[in-house]
Each structure stands twice: as structure tokens, then as C-alpha cells.
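Here is what each chain is made of, one letter per residue.
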Amino acid sequence: MQHPNIWPPFTQVKNAPDPIFITHGKGALLFDKAGRSYVDAISSWWTNIHGHAHPYIAEKIYEQANTLEHVIFAGFSHAQAERLAERLVRDHLPHNIQKIFFSDNGSTAVEVGIKMAIQYWQNIGQKRHKIIAFEHAYHGDTFGSMSVSERGPFTGAFHDMLFDVQFVQAPFPGKEKEAIAAFAACADGDTAAFLFEPCILGAGGMLMYAAEALDEMIRIARDKKILCIADEVMTGFYRSGHFFATDACTHKPDIYCLSKGLTGGTMAMGITACASYIYDAFYSDDKFKALFHGHSFTANPLACAAANASLDILEQAETKQNIRRIAERHTAFAHLLKEQSLYENVRQCGTVLAFDVVTGSGTDYFNTIRNTLYAFFMERGILLRPLGNTLYIMPPYCIRDEELDAVYASILALPAYLAERSLNPS
């Protein structure tokens, strides 16, 4: 049952089923107190890229805990933070990105990016305030990140308190020219920043578009000296098939927002990385040009140790082979899904495979079939968390073929299950 002292996220508690009490995890599996296992096919909200209870990450956190668990990061530094910043800049971020700002989650990484962009223009003596973002975007639940996200039920109670944003259509397949033209029309001299989820709009429904179209939008923004902010919180660390989704673009963003897979899903951490010229606008004898932002657990040594360990694993040949294996298996399975009348709009980007369940009422986050789908998969030991009638698979990279087979088999069994119970409205 729901613990009387806990308020769970994204849940209408009054009519929600009791939560499942998880005792431990191993690899791609979670285990409840009855000993039943579940394949974590969504990497626990897209974070756990190496699997649960990874011994190497646990060892590195333990070693760090015995040395330094935390230190204030204003006026101090430590080895794990410096090593992590250097590795990201040297080995993984594009050459224009040279500075790392630490925070503690994806929403705050985006908040910092917005603040950097707005204050950058102020610091150099220009007044640019407009931000352009995509329709159906989701960037987090703090006020700045809500402002640049799709206006809807999640943000409804706060609409009067959110700042104005210019929303444009993402360049979805078949609508690239229209979307690029609309973006070019509103990208003017008052625009401070263009903020986007590259290639995959996650919570918006795993909506996907091509990197080539995004590349053209970044080019247009660069021509108009508009800062580009890539929200790679979900798409980073090989989710798209590239280390960062924007690696597939010729033109690079000015600011990167990172979290989720950053620590292998083991510790809370956010990073906002930016180009040197942005940092330079804050580097001044004027103390009021500083970026006044910080968190108590900024650059927490334990989280930094986890992130460095996660990078160690990501850089292994075996991990890269597993990423290719998952992507190839998804591609093969996608062909089978396209033969099923229950599924439509089958789409894939790297290790993310998504598709919509045909319900006759369109695709919607609050589609009532969601609870039926969730219960169906959980009963079969598969953790899939539908976005309404949209299903997606985003597994940890360590998932074994037999575990993927179990996920695929349960999806193929769904049409018969719904038909037998007359639950498919289509």
C-alpha cells in the first residue's frame, strides 16, 4: 500500500493502485518483496543506462564515500569534479564547448541554461528576451523549465506565472520545410535563445525528427546570433546512437543541458555546459555580472564519482557493441510491429523504439487505455510506462537478448489480449 508519509510524483493518489515495493535490482531486472522480477524496459525514467546495482559504479561511489562525501563548491574544488569536467570537454562535447556548470537534475540544468542565455545578452549590453521552443516540448517542472515546455495539464495551475515563449512546430517527417520556414520567420533580433530536445521529444510522446532538419534550424539561429540550447538530458550518452544527439549535426549548440544517464542513473546530478564566449561575458570586474546560481549539492563528489565511473563504462567496446545490438534488434522488431494493425507510427532513434496503440481517439498523454497497457505489461513482468497510448522501449544497455525477447513477446501478445476483452476501441 501507499506509505502514509509519501507523496509520489505524477500521481493522482486517490485512485492510483498501490505502488510495488522494490527490494533490489540487478542488471536490467528489478525485484519486488515477493521475489518477482520485472524487466526495466524504460531504464527507470530513462536514467539507468548500465543496469541496476552495477558493481563498478557502486565500488567507485564507495571509494569516494570513504574519502570525501561532500564539500561546498563555492571557493573549493575536488578531483572528481575536475576529472569529470575535463573528460566531458576533452572527449565528448564539441570543441566550442569549454565550460562546465554543475547542478543537481535535468530541470535545473535547463534553468541554468536559460539564465546563462538571458544574462549573456544583458552582460554584453543587449536586450534580448525572447526564447523559441518546440510545441510538445517538455524540459522539466521548475518554473523556468515549465515556461519553455508545452502549455497543458502539467503546467495549467501555473500558466499565469510562466514567462512568454514563442513555440514553433518541430520538423517532423514530411513537415520539415514548413517547420524550418516558421522558425526562420520568428527568429529575429529580439531572440535570446532557441531551446530544443534534439531528435526526440521525450515526454511529449517520443516524437522523433531528423537531425538534418535540426541542423538547418541551428544554422539559421547562428546566422542571427541566437544562442542554441540543446536539452540532451534524455538523448545524451548514446540514447540516439550518438554520444550526444547533436553529434549528428554539423552546426553545434552553444549550451548543453545534461542529466539522467550522466551518472548511470545512480545519483542526482545536472550539468550545463557552454561555449567559452558565453563564460567570457560573465568574467568581469563587475561582480553583478556573475552567474548567481548554485545548489547545496553542486558537484557532489559522490555523484561526480558515479559520473566518472559511468563514462568509464560508456567508453568500453562492450558497451558500444551492446548499444549497436539493441538498436539493430529494435530495427528488426519495428518491421514486425508495422505488420500489426494495433500499432501505428512506429519510429526509432538509436536505442529508443516508440509506437502508438490505435484507439480510435487519436494520440493523447491522458488516453484512458494507458492504465490497461501498464497493468498488462506489469502482470507479465515488464516495466513499460506508456505515455497515454504511446508505448516505447528504452532499455539499459546491459539488457540481455532473452530479456529483450520477453519485452517484444509481450508487445506482440497485446493485440490478442485486447481483442479477447473487447478493450480495443478501434
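All values reported here derive from a predicted model rather than from experimental measurement. Every residue gets a number counted from 1 within its own chain, in the order that chain's sequence is written. Per-residue local features are limited, in this predicted model, to residues with pLDDT of at least 70; the limit for side-chain atom pairs, both in listing and counting, is 80 or more; totals at the level of whole chains, interfaces and linings are taken over all residues. In computing side-chain properties, one takes all heavy atoms of the structure into account and sets aside hydrogens as well as water.

Below, the discussion takes up the pattern of salt bridges. Each salt bridge in this description consists of a side-chain nitrogen of Lys or Arg and a carboxyl oxygen of Asp or Glu lying within 4 Å of one another. Throughout the structure, instances matching the rule amount to 18 salt bridges. Across the pair Arg90 and Asp91 runs a salt bridge, and its minimum N-O distance is 2.8 Å. Under the relative-accessibility criterion, Asp91 is labelled partly exposed at 40%. Where Arg219 meets Asp223, a salt bridge forms, and the shortest distance between an N and an O atom there is 2.6 Å. With Arg219 and Asp223 both in helix α7 (residues 211–223) and four residues apart, this pair spans about one turn of that helix. Exposure categories follow from relative accessible area, calculated using a 1.4 Å probe and restricted to protein chains: below 20% of the type maximum is buried, above 50% is exposed, and the middle band is partly exposed. By relative accessible area, which is 28% here, Arg219 ends up partly exposed. Take Asp223: its relative accessible area is 55%, and that puts it in the exposed class. Beyond isolated ion pairs, a larger network of salt bridges with shared partners links Arg83, Arg87, Asp312 and Glu315. The secondary structure listing takes helices from DSSP runs of H or I that are at least 4 residues long and strands from runs of E that are at least 2 residues long, numbered from the N terminus.

Bringing the nonpolar core into the picture now. A general tendency of soluble globular proteins is for nonpolar side chains to be buried together. Ranked by internal contacts, the top residues of the largest apolar core, which has 105 residues, are Phe102, Phe134, Phe194, Met206, Ile411 and Leu414. Residues count as neighbours in contact if any of their non-hydrogen atoms are within 4.5 Å of one another. Setting aside residues no more than four positions away along its own chain, Ile411 makes contact with Phe333, Leu337, Tyr343, Phe355, Phe377, Leu384 and Ile393. Among the buried residues, those of types Ala, Val, Leu, Ile, Met, Phe, Trp, Tyr and Cys that are joined through side-chain atoms within 4.5 Å form a nonpolar core. Counting residues in each nonpolar core, the second largest holds 26 residues, with Ile114, Trp121, Val165 and Ala192 among its members.

Each axis is a line fitted through C-alpha atoms, and for a helix only the stretch in contact is used; angles between axes span 0 to 180 degrees, taken between their N-to-C directions. Between helix α3 (residues 79–92) and helix α9 (residues 301–314), the least distance of the axes is 8 Å, while the angle of their chain directions is 35°. Between α3 and α9 lies a crossing whose hand is left-handed. Residues Gln80, Ala81, Arg83, Leu84, Arg87, Leu88 and His92 of α3 lie in contact with α9, whose contacting residues are Pro301, Cys304, Ala305, Ala307, Asn308, Leu311 and Asp312. Gly is put with the polar residues, along with every residue not named as nonpolar or charged; the nonpolar set is Ala, Val, Leu, Ile, Met, Phe, Trp, Tyr, Cys and Pro, and the charged set is Asp, Glu, Lys and Arg. Across the contact of α3 with α9, the residue classes break down as eight nonpolar, three polar and three charged. Each helix crossing is assigned a hand: it is left-handed if the near helix lies turned anticlockwise from the far helix by less than a right angle, otherwise right-handed if that turn is clockwise.

On to the pairing of strand β7 (residues 191–196), then. Counted residue by residue, β7 has six buried out of six residues, so it is predominantly covered. Strand pairing is assigned whenever DSSP detects at least two bridges linking the two strands. As paired elements, strand β5 (residues 130–134) and β7 share four bridges and run parallel to each other. By the bridge assignment, Ile131 is partnered in β7 with Ala193. In the sheet, β7 pairs with strand β10 (residues 227–231) via four bridges, with the strands oriented parallel. Along β10, the bridge assignment pairs Leu195 with Ile229.

Turning our attention to helix α4 (residues 106–123). The span expected for a helix works out to 1.5 Å for each residue beyond the first. In a regular helix each residue adds 1.5 Å, so 18 residues correspond to 26 Å; α4 covers 25 Å between its end C-alpha atoms and thus fits that length. In this structure Asn105 caps α4, since a side-chain oxygen of it lies 2.9 Å from the backbone nitrogen of Ser107. One or two steps after α4, the chain reaches Gly125, where phi turns positive at roughly 85°. Under the rule applied, a polar contact is a pair of N or O atoms within 3.5 Å (in protein, one hydrogen donor and one hydrogen acceptor; residues adjacent in sequence only if both atoms are side-chain atoms).

Of the grid points, spaced at 1 Å and generated over the protein atoms alone, those admitting a 1.4 Å probe that cannot get out make up cavities, while open sets with protein on both sides within 12 Å along at least five of seven lines make up pockets; any residue with an atom within 4 Å of a point is treated as lining. Grid points are joined across faces, edges and corners, and a volume is the space filled by probe spheres set on the points. Size it by volume and the second largest pocket reaches roughly 680 Å³. Along the wall of the second largest pocket there are 26 residues; nearest its centre are Phe73, Ile100, Phe101, Phe102 and Tyr279. Among the elements of the structure, α3, β4 (97–103) and α8 (276–282) are those that each provide at least two residues to the lining of the second largest pocket. Residue composition of the lining of the second largest pocket, grouped by class: 15 nonpolar, eight polar and three charged.

Attention now goes to the environment of Ile255. In this structure, Ile255 sits in strand β11 (residues 255–258). Among the residues examined, Ile255 registers a relative accessible area of 0% and is labelled buried.

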